[in-house]
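Spelled out from the first residue to the last, the chains are:
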Amino acid sequence: MNTFASSSADPIIAQNLVRYFGDVKAVDGINITVKTGEIFGFLGPNGAGKSTAVRMLTTLLRPTSGTATVAGFDVAKHPDEVRRRIGVALQDAAIDPLMTGTELLRLQAVLYGIPQAQMKNRASELLERVGLTAAADRRVGTYSGGMRRRLDLALALIHQPTVLFLDEPTTGLDPMSRMSLWEEVRRLNNEGTTVMLTTQYLEEADQLADRIAIIDAGKIVREGKPQDLKAGVGFPTLLITVPSDQTERAKAVLATFGDMRPTAEGSLGVGLRGGANVVTDVVRKLDEASVRVQHLEVNEPSLDDVFAEATGHRLEGAKA
Amino acid sequence: MTVATSDVVIETTARSRQLSIRQTIAMAKRSTVELARQPALIAPSMFFPIFFAVLSASSFSKTTAIPGFPKVESFMQFTLASTIVQGVLFGSVTGAAALATDIENGFFDRLLLAPTTRTGILLGRLAGSALFGLFQSAFFLAVLVPFDAPITAGIPGALVMVLSGGIVSLAIGAIMSSVAIRTGSAEAVQGAFPLLFVLLFFSSAFFPRETMSGAYKRIADINPISYLVEGLRALVLEGLTFSAVVRALLVPTVICLAAILFALKELNRKLAAL
C-alpha cells in the first residue's frame, strides 16, 4: 500500500479568498490559517459569507480569486485529493429521506472507495458512535432533526477525514441535541481531527472553538482566541431599558460613564469604563435625571460585544 | 494507489475504473430503491398507459380498417409499442425529477463532495431509470399481450422490446436530466413533461403515418418518437427480422447516446460554472 506523504503545512490555509456571485462580492479577500488539531469557529450572521467560504474550501465552489490549501492540497488544482481527506456536514443536513441510515452510510462508503470488506463494520461502528444503531434500518424521513444531524456527522466521518467541516451543524436543533453534538465534536477533536465550524451562535463558538474568526459582509473583522477577543473589548456592558420618552435623557447620562454600544432595539448599552463597580452611580444619576429604569443588567464582555465593536451592529437574534 | 486515513483504506487510482463502476452501480441501486419506495409516484406511469391502451383499443377498433393501416389482429396489438413508449416517458420524468430534487435539497452537493467521477453520478441515476424502463416494458407486455395483442416476433421479440424500452427510458431520462441539471428544479422537469406528451401525440404512436396527411404527417415524419415507436411496432407486426431488431434497438440507441452526451455536457457546464 502506498500512502501520501503527510504535509507539514497547516490543514487549512486561505489567502485573499474572493468569491463573486454576479456583481455581489460574497467573500471579500479572507485570510484564514487553521492549525492541526484546532477547532476553528467561523462566526457571523446569515449572509455574512461563512457558507460561501466553506463551499470554496470544500471544493464545491471555485474561488473568483485567491488561493486555498486544505489538507496540504490546493482546492482548485487538486480537488479530489482534498475531497479524500476532508469530511463535510453541510447546512440543512441534506440527506435522502427515502433511504435508511445504514443504506446511506454504505452508499457514502462506496463513494469514498472504502472496500466492501470494511464497509459493513465501518457503517455499524459509526451508527453506534452517533447513537443511531436502533434507528439504523429506519428511513431517514422518520428521523428527528437531531438524528439527521448525527447521521450527517457519521456520513462525514465514513473515511476518517483529517479535517472536518461543519457548516452550522446545530441550526434548528433543540438544546439537548445541540449539547450532544457539541460533545461529539469535542470527542472527535480530542481524537486528533481538525475541525472548522461555521456558526451564527455565539455560545457555540464560545464553547467549542479554540480560535474564532468573525465574518461580516464577506470580510473577517476579528480573529483570535475567544477569551482574548473578549478581553480586547475591555469593559462590561451595562444594558438598560427605559420608557421611550426618556431615551435621550438616559443616553446623555450613560455617555458620561463610557462609550455607547450597539444593542437590540428598545434598549441602551454602555461599556462601563469604571467596571461593574460604578453601576450604583449610574442608577443614581439616571434617577437624578428622572429616568425610570425598567430593566437593568450587566454583562461581562461576550463575543457579541466583540462582534458589535467590530461591526457596529449585533448578531441577528443575539441577546443584547 | 490507496490512501490510508488512520485505519480506513480508500481505493484510489490503481483500481479507479473498477471503483467508478462500483460507484455507478451504487448510485443506480439508490435510484431504483428510491423509485420502489414511492409507489404513489410510479403508479401513474404503470397504470395510466394501460388505461389509455384499453380505452383506445375499444374506441378506435374500427380504424384498423382504414386504408393504409397495417394488417393487425386488433388495435391493442397496434398500440402495444406506443404503450411502452408512453409508459417509459412517464417513468423517466420521475427519475429526472428525483435528480432535480437532489440538486434542490443539497444531496447533489454531498455527491460532489465525494472523490467520485462526476459522470458516475449522472450515469448511476440514468441506469436507475433504465432499470425501471425495463421493468415497465415487461409489465406492459405481460398485461396487454394476452388481450389479443400477440407479438409476431415471439418471446425473443418481446425480450428485444423490453431491452428497447430500457434504452428509450435511458434516452428520455437523459433528456429530462439535462433539464434537471440546467434548472435544478423538480417543478421545471415536471413542467417540461407536457412537451414530451405533445410530441407523443404528434407522432405515429396512435395511428400509422400512412393514414396521416398535411401538417400532422409532416410533424410525425420528423418526430423522433415516431421512429422509437415504429421500431418496437415492427417486432409486434413484422416478426423477428433483422430490419425490425435493428430499428427497435438502433434508433433508441442513437437517440440515447446523443441525449447522454448532451446531459454530460450540461453537467460539465454546471460544474464549470460553480
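The structure under discussion appears in the preceding block.
S.K.: So what exactly am I meant to see when it comes to the sheet that holds strand β3 (residues 39–43) of chain A here?
M.R.: Strand pairing within a sheet occurs via backbone hydrogen bonds; the two strands may be parallel or antiparallel. Residues and elements named next belong to chain A. The sheet built from 6 strands is open, its strands ordered β6-β7-β8-β3-β9-β10 with mixed pairing. In this open sheet, the two strands that pair with only one neighbour each are β6 (86–89) and β10 (219–224). Strand-to-strand twist across the sheet, computed as the mean angle between neighbouring axes with direction ignored, equals 15°. The pairing of strand β7 (residues 163–167) with strand β8 (residues 194–199) spans 5 bridges and is parallel. Paired with L166 across the two strands is L197, which belongs to β8. Helix α8 (residues 226–233) rests against β9 (211–216) and β10 of the sheet, and its axis sits at about 105° to β10.

S.K.: Whenever I open this one, the sheet that holds strand β4 (residues 65–70) of chain A confuses me. Can you help?
M.R.: Residues and elements named next belong to chain A. Ordered in space as β2-β1-β4-β5, the 4 strands form an open sheet in which the pairing is antiparallel. In this open sheet, the two strands that pair with only one neighbour each are β2 (24–34) and β5 (73–74). Relative to β2, strand β1 (residues 12–21) is paired through 8 bridges, and the arrangement is antiparallel. Residue pairing across strands places A14 opposite I32, the latter belonging to β2. Lying over the sheet, helix α1 (residues 50–57) contacts β1, β2 and β4, oriented at roughly 115° with respect to β1.

S.K.: What am I meant to see in the nonpolar core here?
M.R.: Buried together is how nonpolar side chains tend to be arranged in soluble globular proteins. By size, the foremost hydrophobic cluster in this structure holds 143 residues, and its most contacted members are F42, L57, V70, L105, L151 and F165 of chain A. Per element, the largest residue contribution to this core is 14 residues, and it comes from helix α3 (residues 75–105) of chain B. The residues touching L151 of chain A, leaving out its near neighbours within four places in the chain, are I95, G101, L104, L105, L127, L132, V140 and Y143 of chain A.

S.K.: Explanation requested: helix α7 (residues 186–201) of chain B in the structure shown.
M.R.: Since the α-helix turns once every 3.6 residues, residues separated by three or four places project in the same direction. Residue and element names in this part refer to chain B. Here α7 spans 24 Å end to end across 16 residues, near enough to the 22 Å set by a 1.5 Å rise per residue. Within α7, burial applies to A186, V189, A192, F193, L196, F197 and L200. Where α7 is buried, its residues meet α2 (39–59), α3, α6 (154–183) and α9 (224–237). The N-cap of α7, judged by a side-chain oxygen 3.3 Å from the amide nitrogen of E187 a few residues on, is S185.

S.K.: Looking at this structure, I do not really get the pattern of salt bridges. What am I missing?
M.R.: Pairing is possible between side chains of opposite charge, provided their charged atoms come close. Residue and element names in this part refer to chain A. Scanning the entire structure with this criterion turns up 33 salt bridges over all chains. Across the salt bridge formed by R211 and E38, the nearest N and O atoms sit 2.5 Å from each other. Here the residue R211 occupies a position in strand β9, and E38 occupies one in the loop between β2 and β3, the gap between them amounting to 173 residues. Taking relative accessible area as the criterion, R211 reaches 16% and is therefore assigned buried. The exposure class of E38 is buried, given its relative accessible area of 10%.

Reading guide: rules and limits
Residues numbered from 1 in each chain as written. Chains lettered and ligands numbered in written order. Predicted model: local features only at pLDDT ≥ 70, side-chain atom pairs only at ≥ 80, totals over all residues. Heavy atoms only, no water. Pairing = 2+ DSSP bridges. Helix = DSSP H or I, 4+ residues; strand = E, 2+ residues; numbered from the N terminus. Axes fitted to C-alpha atoms, helices over the stretch in contact; angles between N-to-C directions. Contact = heavy atoms within 4.5 Å. Core = buried A, V, L, I, M, F, W, Y, C linked by side-chain atoms within 4.5 Å. Buried < 20%, exposed > 50% of the residue type's maximum accessible area, 1.4 Å probe, protein only. Expected span 1.5 Å × (residues − 1). Polar contact = N/O pair within 3.5 Å; in protein donor to acceptor, adjacent residues only side chain to side chain. Salt bridge = Lys/Arg side-chain N within 4 Å of Asp/Glu carboxyl O.

Geometry only, nothing functional implied.
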